[in-house]
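A closer look at the structure
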Amino acid sequence: MKDLKMYINGKFVESRSGKWIEVLNPSTEEVISRQPEGTLEDVDEALEAARAAQKSWAAQPAIERAKYLNKLADGIRKRSKEFVDIIMREQGKTRTWATVEVGVTADYFDYMATFARQIEGEVIPSDRKGETMILTRRPIGVVAGILPWNFPFFLIARKAGAALITGCTIVLKPSQLTPENCCEFAKVVDESGLPKGVINIVTGKGSVVGNAMAESPKIDIVSVTGSVGAGQSIMAAASKNITKVSLELGGKAPAIVFPDADIEQAAQWIVDSRIGNNGQICNNAERIYVHRSVKDEFTKILVKKMEAVKVGDPCLDDNVDMGPLVEQRALESVTAKVNHAVEQGAKVLCGGKRVGDKGYFYAATVLDNCTQDMDIIHEETFGPVLPIVVFDDIDQVIAWANDVEYGLASAVYTKDIDTAARVCRELEFGETYVNRENFEAIQGFHAGVKKSGIGGADGKHGVEEYLVTHVTYLATHY
């Protein structure tokens with residue numbers, strides 16, 4: 001078992017509490033490491049370090065800050081196999097998905113470094129003679145980055161990359177389910193020569209560490225990726241100081257299959273969008289709406305593909321398609337949701353049960369006979385479950401797709417550009433994928449509406465989350 005350490009003000013430290021939280025391998029249920037149980041004092045020390053470092057960090061030319069981001073990317077690549085193994089072990093990702101995550105994390109730091117010469121201001125015409133109005137953009141200050149367990153490594157870069165290039169400093173809080181990758185990343189930070197206090201890492205319980213970060217007056221923005229409940233808790237804590245929040249929360253992505261779609265390919269894209277990361281992505285396909293005229297054909301193909309999904313321990317078999325759910329509570333939640341759907345009238349066509357008696361594995365599942373009023377259509381499942389609803393016309397399916405409290409991702413499968421364009425216009429989601437799998441690009445803008453969040457990440461708009469504006473009224477008198 002490995003003892004992890006926090007990283008505060010350029011030093012590797014244990015918690016003042018002297019207490020530890022164990023970390024389990026979700027494939028074996030064995031303890032693989034333990035993390036310091038951070039305290040309010042640990043949080044305050046990290047925030048003080050970040051605040052002390054922020055002004056001098058922001059004073060550096062952005063192109064100099066970019067060099068450090070490139071060093072972080074290089075450091076990740078040099079240790080990529082180690083990070084892949086850690087993510088597989090503590091989160092249950094397949095080797096393919098873990099390898100992609102590590103690679104994209106390095107790429108993301110390099111990508112954010114390119115914004116060193118792209119953070120621009122504006123000259124605004126004044127109404128007064130001899131006056132020029134100049135709008136500039138400045139770093140917001142100190143960032144609290146609260147990380148999820150489903151993409152624990154990539155979200156380090158998604159939050160820290162934009163923060164650092166704009167001149168902000170950051171305190172990261174990894175999920176207590178998956179802290180090792182972040183603690184190991186601290187070694188890359190240390191080796192890069194990044195000034196102390198620019199990146200800090202505090203481990204522990206969200207209810208203690210996360211809330212303490214969010215409610216502190218020493219924080220200027222709280223960036224959270226997690227559940228709706230976690231977002232609501234953080235938002236409430238941040239409200240005490242009117243601290244800005246950026247929240248990426250849950251999703252209930254509809255996948256709409258029209259009769260003119262390539263049925264075989266649509267089924268494959270939807271399967272890929274459901275089983276990715278073991279069914280634990282906020283923009284995974286969560287519910288299928290298929291036109292009545294192709295429902296039988298589509299369902300037959302879908303079930304065949306889902307039945308072929310290979311489930312197992314990714315640390316023992318590189319060829320598995322899905323690993324485990326992240327913890328016992330996740331397994332219990334998915335099981336309960338499927339069982340409840342059956343009670344409401346759904347029919348299990350494949351899966352619908354746990355796989356094995358060790359580890360948190362759940363079979364790829366297809367549910368038929370689902371109707372719009374069922375809970376499985378409205379509540380986020382966060383597991384490899386696909387409920388099917390039949391629709392008859394475009395007005396009906398758009399209304400049903402929008403009939404949820406979430407608004408992150410959505411998908412449509414059709415060869416008709418008019419149909420695709422109308423659906424994209426009328427769906428109430430931050431993203432719509434047309435004839436492809438659900439997975440965002442780092443140069444896009446990953447943002448939701450409704451209870452899926454506030455603000456967003458990636459691309460130039462993601463960088464703007466960490467900036468504030470300042471307008472100078474420059475009057476010249478002769």
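So, a few notes on the structure that sits alongside this text. (Residues numbered from 1 in each chain as written. Predicted model: local features only at pLDDT ≥ 70, side-chain atom pairs only at ≥ 80, totals over all residues. Heavy atoms only, no water.)

Summing up its helical and strand segments, the protein chain has 15 helices and 23 strands in all. Taken over C-alpha atoms, the radius of gyration comes to 23 Å for the protein chain, in line with the 23 Å a tight globule of 478 residues would show. Oriented by its inertia axes, the alpha-carbon framework of the protein chain measures out at about 75 × 65 × 40 Å. Counting over 478 residues, the protein chain shows a buried share of 56%. Within the protein chain, counting contacts between residues at least 6 apart in sequence, those at least 24 apart form 73% of the total. (Helix = DSSP H or I, 4+ residues; strand = E, 2+ residues; numbered from the N terminus. Rg over C-alpha atoms; globule rule 2.2 N^0.38 Å. Buried < 20%, exposed > 50% of the residue type's maximum accessible area, 1.4 Å probe, protein only. Contact = heavy atoms within 4.5 Å.)

Moving on, we get to unusual backbone geometry. Although it is not a glycine, Asn 9 sits at a positive phi angle of roughly 55°. Inspection of the secondary structure assignment puts Asn 9 in the loop between strand 2 (6-8) and strand 3 (11-13). Even without a glycine there, the phi angle at Asn 278 is positive, about 65°. The exposure class assigned to Asn 278 is buried, which follows from its relative accessible area of 2%.

So, about the sheet that holds strand 14 (residues 285-291). The 7 strands lie next to each other as 15-16-17-14-13-18-19, forming an open sheet whose pairing is mixed. Whereas interior strands pair on both sides, the edge strands pair on one side only; in this sheet they are strand 15 (347-350) and strand 19 (433-434). Bridge analysis of strand 18 (residues 411-413) against strand 19 gives 2 bridges, and the strand direction is parallel. Each residue of the ladder has a partner; that of Ala 411, found in strand 19, is Tyr 433. (Pairing = 2+ DSSP bridges.)

Turning to the sheet that holds strand 6 (residues 122-125), a few remarks are in order. Remark on secondary structure: sheet strands pair via backbone hydrogen bonds, oriented parallel or antiparallel. The 3 strands lie next to each other as 6-7-23, forming an open sheet whose pairing is antiparallel. Pairing within the sheet leaves two strands with one partner each, and these edge strands are strand 6 and strand 23 (467-475). Along the sheet, successive strands turn relative to each other by an average axial angle of 25°, direction set aside. Strand direction decides the pairing type here: strand 7 (residues 131-139) and strand 23, joined by 9 bridges, are antiparallel. (Axes fitted to C-alpha atoms, helices over the stretch in contact; angles between N-to-C directions.)

For helix 6 (residues 180-192), which comprises 13 residues, the first-to-last C-alpha distance of 19 Å matches the rise-based estimate of 18 Å (1.5 Å per residue) to within 8%. For helix 6, the tally of buried residues reaches 10 of 13 residues, placing the bulk of the element in the interior. For helix 6, the set of buried residues is Glu 180, Asn 181, Cys 182, Cys 183, Glu 184, Phe 185, Ala 186, Val 188, Val 189 and Ser 192. At the C-terminal side of helix 6, Gly 193 shows a positive phi close to 80°. (Expected span 1.5 Å × (residues − 1).)

Turning our attention to the side chain of His 446. Checked against the element boundaries, His 446 lands in strand 20 (residues 446-447). Note on His 446: relative accessible area 3%, which makes it buried. There is a polar contact of 3.0 Å between the side chain of His 446 and the side chain of Glu 248. A distance of 2.5 Å separates the side chain of His 446 from the side chain of Glu 431, its partner in a polar contact. When near neighbours in sequence (up to four residues on either side) are disregarded, His 446 contacts Arg 158, Glu 248, Asn 283, Leu 408, Glu 431, Glu 440, Gly 456, Ala 457 and Asp 458. (Polar contact = N/O pair within 3.5 Å; in protein donor to acceptor, adjacent residues only side chain to side chain.)

Bringing a nonpolar patch on the surface into the picture now. Taken together, Met 1, Leu 24 and Val 31 make up a surface patch of nonpolar side chains, about 270 Å² in accessible area. Within the element layout of this structure, Met 1 appears in the segment before strand 1 (2-3). (Patch = residues over 30% accessible without salt bridge, like charges linked within 9 Å, V, L, I, M, F, W, Y side chains within 5 Å. Areas by Shrake-Rupley, 256 points an atom, 1.4 Å probe, with all protein chains shown as cover. Salt bridge = Lys/Arg side-chain N within 4 Å of Asp/Glu carboxyl O.)

Generally speaking, soluble globular proteins have nonpolar side chains that are buried together. Judged by nonpolar contacts, the single largest core of 55 residues is most densely connected at Phe 109, Leu 164, Phe 185 and Ile 199. For this core, the secondary-structure elements that each account for two or more residues are helix 1 (40-59), helix 2 (62-78), helix 3 (80-91), helix 4 (95-113), helix 5 (154-166), strand 9 (169-173), helix 6 and strand 10 (199-201). With 9 residues, helix 5 is the single largest residue contributor to this core. Apart from residues no more than four positions distant in its own chain, Phe 109 is found in contact with Leu 69, Leu 72, Ala 73, Ile 76, Ile 156, Ala 157, Ala 160, Gly 161 and Phe 185. Tyr 289, Val 326, Ala 346 and Ile 377 belong to the second-largest nonpolar core, a separate cluster that totals 33 residues. (Core = buried A, V, L, I, M, F, W, Y, C linked by side-chain atoms within 4.5 Å.)

Attention shifts here to the pairing of strand 4 (residues 20-24). Residues Ile 21 and Val 23 of strand 4 are buried on one face, while the alternating residues Trp 20, Glu 22 and Leu 24, pointing to the opposite face, are not. Pairing geometry for strand 4 and strand 5 (residues 31-36), over 5 bridges, is antiparallel. Within strand 5, the position partnered with Glu 22 by the bridge is Arg 34. Between strand 4 and strand 5, which pair antiparallel and follow one another directly, the connecting turn spans 6 residues, one of which, Glu 29, has a positive phi of 65°.

For the rest of this paragraph, the subject is the environment of Glu 405. Within the fold, Glu 405 resides in the loop between helix 13 (394-402) and strand 18. The class of Glu 405 is partly exposed, set by a relative accessible area of 38%. For the pair Glu 405 and Trp 149, spaced 256 residues apart in sequence, the C-alpha separation works out to 23 Å. Once you skip the residues sitting within four places of it in the chain, Glu 405 turns out to touch Lys 450, Lys 451 and Ser 452.

Turning our attention to the environment of Lys 337. Assignment of secondary structure puts Lys 337 in helix 11 (residues 328-343). C-alpha separation for the pair Lys 337 and Thr 381, spaced 44 residues apart in sequence, amounts to 7.0 Å.

Per the counting criterion, the structure on display carries 14 aromatic pairs. Considering the side-chain rings of Tyr 108 and Phe 154, the 5.3 Å spacing of their centres and the 90° angle between planes classify their relative orientation as edge-to-face. Taken together, the residues span a long stretch of sequence, with Tyr 108 in helix 4 and Phe 154 in helix 5 at a distance of 46 residues. For Tyr 108, a relative accessible area of 1% translates into the label buried. Looking at Phe 154, the relative accessible area reads 9%, which means it is buried. Geometry around Trp 20 places Arg 34 over its ring, the cationic atom sitting 4.2 Å from the centre. (Phe/Tyr/Trp six-rings, centres within 6.5 Å; stacked < 30°, edge-to-face > 60°. Lys NZ or Arg CZ within 6 Å of the ring centre and 35° of its normal.)

Don't take any of this as a statement about function, it's just geometry.
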